Amino acid sequence: MSKLRFFTGIQASGTLTLGNYLGAIYPILKIQDECEIIIIMIADLHSLTVPKPNFNYRKNCYEIASLLYACGLKEEKCKIFIQSEIKEHTELAWLLSPYITVGELGRMIQYKEKKKSEETGNLALLSYPVLMVADIFLYDADLVVVGQDQQQHLELAKNIAKNFNNFCGKELLKLPTFDIPKFGAKIMDLKDPTKKMSKSGNDYISLLDEPEKIVKKIKGALTDSEEKIYYDPAKRPGISNLITIYALLNDQKKEEAERELQNSNHYQFKLKLIDLLNKKLSVIQKSYSDYFFRIQEIVEKNNKHLKILAEKKMFLIKKELKLK
Ligand code: AQP
């Protein structure tokens with residue numbers, strides 16, 4: 001296989017969770033060696049759609065970047081950068097805005113949901129998918145990986161690219177392969193396993209949680225009254241979520257995990273899971289401290305590297321639109 005240019009993004013909206021790790025970082029680790037370059041954007045601008053008073057976005061970006069490297073992404077290959085440092089993202093979003101209607105944006109499920117919880121649908125909540133589309137096309141990526149809940153935004157990205165390329169009469173925006181990880185793509189909340197585990201929620205596992213916190217959180221995770229351990233997300237969302245986590249951390253298929261756990265009760269299963277999680281997290285946490293110490297320097301170097309690619313792409317686009 002020829003070497004891929006990979007792109008993905010992570011919002012700067014809090015500390016990374018086990019959901020981010022298993023749903024987003026883990027799949028990247030698996031394909032790391034097949035990629036020529038892995039571009040990971042820390043999306044601080046996207047996080048602004050829901051303003052958080054006193055939240056230190058920049059510190060959070062450095063924390064996330066350190067954690068990503070600590071999870072095993074290789075510094076030489078993986079270029080983690082900060083979105084707001086590269087002005088071409090917002091500039092391209094503006095240039096692409098005429099190729100989508102307000103009606104289409106208003107139909108985005110995420111917008112409708114966030115609008116409900118924020119009461120007022122601000123303009124950024126409505127228009128942020130266009131910024132996401134700009135992020136995607138700025139680096140001519142071959143492969144773009146996003147979470148399950150972004151499916152609808154990918155369709156939007158394809159439409160905008162089609163409209164824009166039609167207008168230009170050439171394929172200026174290169175359509176990448178889009179991928180959404182399947183099994184384990186959605187890790188659920190521990191107390192309410194019908195909801196996604198989120199860093200802005202209350203019941204997540206942080207990659208920086210100490211062992212005692214892990215014990216407390218896993219012991220307190222909602223399960224059900226049936227003792228037997230088996231996977232059935234529709235009827236048994238709690239236990240199925242824990243099986244998913246266990247299987248992914250162990251590099252097993254869920255059937256293998258089920259077989260291994262068939263003679264355990266809930267209590268024994270939870271103890272095994274606590275042990276496994278603490279082992280994984282202690283390795284990540286140790287490496288995190290080393291990275292955090294020098295992350296600013298690494299990220300600044302990456303920002304410069306990506307800025308060159310973004311500028312080249314913008315030059316071509318602006319030339320096509322007779323802005324150059
Ligand atoms: N629970 C999850 N299970 C699997 N994958 C997840 N991801 C996030 N939560 C889970 C994946 O992590 C990547 C980065 O996500 P993000 O930070 O950009 O945004 P998000 O999906 O909105 O993540 P959060 O934690 O839920 O953030 P907040 O609370 O700020 O909205 C994506 O690939 C995502 O799918």
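Coordinates for the structure precede this section.
A brief report on the enclosed structure follows. It should be emphasised that the depicted structure is a prediction, and the values quoted were computed from it without experimental measurement.

1. What about the overall build of the chain?
Then comes step 1: If you tally the helices and strands in the chain, you get twelve helices and five strands.
Then comes step 2: In summary, the chain has a C-alpha radius of gyration of 21 Å against a globular reference of 20 Å for 324 residues, a match within 12%.
Then comes step 3: With respect to the principal axes defined by its C-alpha atoms, the chain has extents near 70 × 45 × 40 Å.
Then comes step 4: Here the chain, with 324 residues, has 50% of them falling under the buried criterion.
Then comes step 5: Roughly 15900 Å² of accessible area belongs to the chain as shown, and the carbon and sulfur atoms make up 54% of that amount.

2. Quick word on helix H1 (residues 18–31)
Then comes step 1: Here H1 spans 19 Å end to end across 14 residues, near enough to the 20 Å set by a 1.5 Å rise per residue.
Then comes step 2: Along H1, ten of the 14 residues are buried, which leaves the element largely enclosed by surrounding structure.
Then comes step 3: Considered for burial, the residues of H1 that qualify are Leu18, Gly19, Asn20, Tyr21, Leu22, Gly23, Ile25, Tyr26, Ile28 and Ile31.
Then comes step 4: The secondary structure elements touched by the buried residues of H1 are strand E1 (4–11), strand E2 (35–43), helix H3 (57–70), strand E4 (143–145), helix H10 (237–249) and helix H12 (266–320).

3. A word on the pairing of E2
Then comes step 1: In terms of burial, E2 is a largely internal element, eight of the nine residues being buried.
Then comes step 2: Handedness of the crossover is the feature at issue here: the chain leaves E1, passes through H1, returns alongside E2, and the resulting connection is right-handed.
Then comes step 3: In terms of strand pairing, E2 meets strand E3 (residues 78–82) through five bridges, oriented parallel. Looking across to E3, one finds that Ile40 is bridged to Ile80.

4. Focus on the site of the ligand
Then comes step 1: Of all residues adjacent to the ligand, which total 18 residues, the nearest are Ser13, Lys196, Ser198, Lys199 and Ser200.
Then comes step 2: Contacts to the ligand include Lys199, whose side-chain N or O atom sits 2.3 Å from an oxygen atom.
Then comes step 3: Coverage of the ligand by the protein amounts to 91% of the 640 Å² it exposes when considered alone.
Then comes step 4: Broken down by class, the residue content of the shell around the ligand amounts to six nonpolar, nine polar and three charged.

5. Re the pairing of E1
Then comes step 1: Examined bridge by bridge, E1 and E2 share eight bridges and lie parallel to one another. Its bridge partner lying in E2, Gly9 is registered against Met41.
Then comes step 2: Where E1 and E4 come together, two bridges link them in parallel fashion. Bridging from a neighbouring strand, Phe6 pairs with Leu143 of E4.

6. Focus on the environment of Lys74
Then comes step 1: For Lys74, the location among the structural elements is in the loop between H3 and E3.
Then comes step 2: Put simply, Lys74 and Lys279 are 205 residues apart on the chain and 21 Å apart in space, counted from C-alpha to C-alpha.
Then comes step 3: Excluding anything up to four places from it in sequence, Lys74 contacts Gln32, Asp33 and Tyr69.

7. Some thoughts on the sheet that holds E3
Then comes step 1: Taken in spatial order, the five strands make up an open sheet running E3-E2-E1-E4-E5, and their pairing is parallel. At either end of the open sheet lies a strand with only one pairing partner, and these are E3 and strand E5 (177–179). Along the sheet, successive strands turn relative to each other by an average axial angle of 20 degrees, direction set aside.
Then comes step 2: As paired strands, E4 and E5 are joined by three bridges and run parallel to one another. Note that in E5 the partner of Val144 across the bridge is Phe178.

About the thresholds
Residues numbered from 1 in each chain as written. Predicted model: local features only at pLDDT ≥ 70, side-chain atom pairs only at ≥ 80, totals over all residues. Heavy atoms only, no water. Helix = DSSP H or I, 4+ residues; strand = E, 2+ residues; numbered from the N terminus. Rg over C-alpha atoms; globule rule 2.2 N^0.38 Å. Buried < 20%, exposed > 50% of the residue type's maximum accessible area, 1.4 Å probe, protein only. Areas by Shrake-Rupley, 256 points an atom, 1.4 Å probe, with all protein chains shown as cover. Expected span 1.5 Å × (residues − 1). Contact = heavy atoms within 4.5 Å. Right-handed = clockwise from strand over helix to strand, strands pointing away. Pairing = 2+ DSSP bridges. Near = heavy atom within 4 Å. Polar contact = N/O pair within 3.5 Å; in protein donor to acceptor, adjacent residues only side chain to side chain. Nonpolar A, V, L, I, M, F, W, Y, C, P; charged D, E, K, R; others polar. Axes fitted to C-alpha atoms, helices over the stretch in contact; angles between N-to-C directions.

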